[in-house]
Structures are given as C-alpha cells and as structure tokens.
Amino acid sequence: MTPVLSLRGATKRFGGLVAVNELDFDVAEHEVLGLIGPNGSGKSTTLNLISGALPPTAGTISLRGSVISGLPAQDIARRGVARTFQLVRLLPSMTVLENVMAGAVFGHRRRWGHDAEAQAMRVLDLVGLSRRAQAPVGSLTYIDTKRVELARTLAGEPKVLLLDEWLAGLNPTELEEGIALIRRLRDEGRTIILVEHVMDAIRSLCDRCVVMSSGSKIAEGETEEVLNDPGVIEAYLGVEEPAHA
Ligand SMILES: Nc1ncnc2c1ncn2[C@@H]1O[C@H](COP(=O)(O)OP(=O)(O)OP(=O)(O)O)[C@@H](O)[C@H]1O
C-alpha cells in the first residue's frame, strides 16, 4: 500500500550546516510515528520541510505518491498536511470558536459559514473545550491554548497531523490529559508524526520511531526496540551533562 507520507533523501542545509541529511522514512495510514532525537538533531526542520515552511535543499517528500516538496506551505496544507507549532500561534483578539473556524475554512476540506462552525464545534468537543467556545483566546490557560491550536489543525480534516512538541511545558496533570487526548486521536485512526521529548508519551503513543542525531537518521523501528538501541541511548547521553560533573 502507498504510504501516506514518504521522505526520500530529504536534505536541508543552512549555509555550511546540514540540519537534515538525506532523510528517508515512510508513514503508513493510521500510524503514529515518533520523530525523536537530542536537541538540535533536525526534528523541527524536518517538520518544516514536510509542511513547506522551508523548501528542502535536496530530496523529495510525497503525500500519497504525489510530490509536495517545493510547493508553497498553503498548498501543502490544502492537500492535507497540518501542524502545530512549538510556540502556540493563535489570533489573540478572536474567540476560541473563531480561531478554530479559521482552521476549517483554510484547511484540507474547505468549509464555510454554518458548516465551518459545526465542524469547529465538533473538534472543540473532541479536545474538551466546547464550553469555552465563546471565550476570548487571551483568557485561556496554557493547556487550553494548546487545545485550541490542536482543534484548529483538526478542523481542516488533515490526512497527516504534525505535532511539534505539543506536550512541552505542561505540568504533570496536564501532561496526563494531553497524552490521553493524543491517544484519542490515535484511536480514531489518524496519521500523526509526533516530535516529542517526553519519553513516556513516545512509549505510550507511538507504534514506531525514527531517531535523528546531527541531522541524520540513526535508527528506525518499533518504539521499544529503538529506545533500547545502544546507538540511540548513546546519542541521547552524549548531549547530557555528566552525572558527576
Ligand atoms: N532557520 C535556520 N537557520 C539556521 N540554522 C537553523 C535554522 N533552523 C534550524 N537551524 C539549525 O539546524 C539544526 C537543527 O535544528 P532543529 O530545530 O531542526 O532541531 P530539533 O531537533 O528540532 O531541536 P529541538 O529538540 O531543540 O527543538 C540546529 O543546529 C539549528 O541551530
């Protein structure tokens, strides 16, 4: 079966720095793929290549067999790739509902008027925020702004959802809620790439992982196997402060 998303030789250079180096991987339909690696290993840049925020220097990225690399970001979004950002990006002067409706209007499946509103209410219900629909975004707690951003991406009915450290900055209780929410999306059969440093989340949510280090893929496979790989452990430990320093 054709993968939903394929990267072949995807490369991004910033001057002399190779941030992403000839990266190959596939994401199957209904799969939750973890994209992990130490800080600076190229994960966010990879999401930027997939979403079209940055053009690759070399290589191709395909969505259901059609090449999307090189297309403008809005065209890639329209074809069904949606993402959240490390720093939440919402329209602060608008309500929760209006922000999420914007996702329905500009997403993969364009909806207008009542249809967009009904879709926005459906996804707000899914993320547990329907009671705050009329609240100004500026009045929300941090986790609720994250829920709004997630709802906005879901409102466009993406084929592939890219979550860039969506769980970062949550307290332990919020983290449990956040993991449960992503699990609900997984159980609905969504196709997700999860960039995440929270290993409990990776363990409990991801079928498979791709591990990056210094821009290159150093491991790929079933999550537990990959996390026990000595090369992966070394890549992570290599950037940590020595315990007895
Ligand atoms: N726009 C840019 N211009 C120049 N260098 C960049 C740019 N974006 C990223 N880089 C560099 O590319 C490398 C990979 O960065 P990237 O943000 O993709 O890593 P990451 O794995 O997402 O890190 P983190 O886990 O800290 O978010 C880093 O060395 C970074 O400094």
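Residues numbered from 1 in each chain as written. Predicted model: local features only at pLDDT ≥ 70, side-chain atom pairs only at ≥ 80, totals over all residues. Heavy atoms only, no water.

The name an unreviewed UniProt entry assigns to the protein is ABC transporter ATP-binding protein, from the organism Histidinibacterium aquaticum.

Asks: I keep staring at the sheet that holds strand β7 (residues 160–164) and nothing clicks. Help me out?
Replies: Backbone-to-backbone hydrogen bonds pair the strands of a sheet. The strands run either parallel or antiparallel. Strands sit in the order β6-β7-β8-β3-β9-β10 across an open sheet of 6 strands; the sheet is mixed. Here the strands that pair on one side only, and so sit at the sheet edges, are β6 (81–83) and β10 (216–222). Strand-to-strand, the axes of this sheet are offset by a mean angle of 20 degrees, without reference to chain direction. Both strand β9 (residues 208–213) and β10 contribute to a ladder of 6 bridges, which runs antiparallel. Paired with Val-211 across the strands is Ala-219, a residue of β10. The strands touched by helix α6 (residues 172–187) are β3 (32–36), β7 and β8 (192–195); relative to β8, the strand with the most contacts, the crossing angle is about 155 degrees. Against the sheet, helix α9 (residues 230–237) touches β3, β9 and β10, its axis set at about 130 degrees to β10. (Pairing = 2+ DSSP bridges. Helix = DSSP H or I, 4+ residues; strand = E, 2+ residues; numbered from the N terminus. Axes fitted to C-alpha atoms, helices over the stretch in contact; angles between N-to-C directions. Contact = heavy atoms within 4.5 Å.)

Asks: Which parts of the structure should I look at to understand the site of the ligand?
Replies: The environment of the ligand is formed by 14 residues, the closest being Gly-40, Lys-43, Ser-44, Thr-45 and His-197. Taking Asn-39, its side chain carries an N or O atom lying 3.2 Å from an oxygen atom of the ligand. A distance of 2.8 Å separates an oxygen atom of the ligand from a polar backbone atom of Ser-44. A per-element tally of the shell around the ligand places helix α1 (residues 43–51) first, with 3 residues. Each residue belonging to the shell around the ligand can be placed in one class, and the counts come to 4 nonpolar, 8 polar and 2 charged. (Near = heavy atom within 4 Å. Polar contact = N/O pair within 3.5 Å; in protein donor to acceptor, adjacent residues only side chain to side chain. Nonpolar A, V, L, I, M, F, W, Y, C, P; charged D, E, K, R; others polar.)

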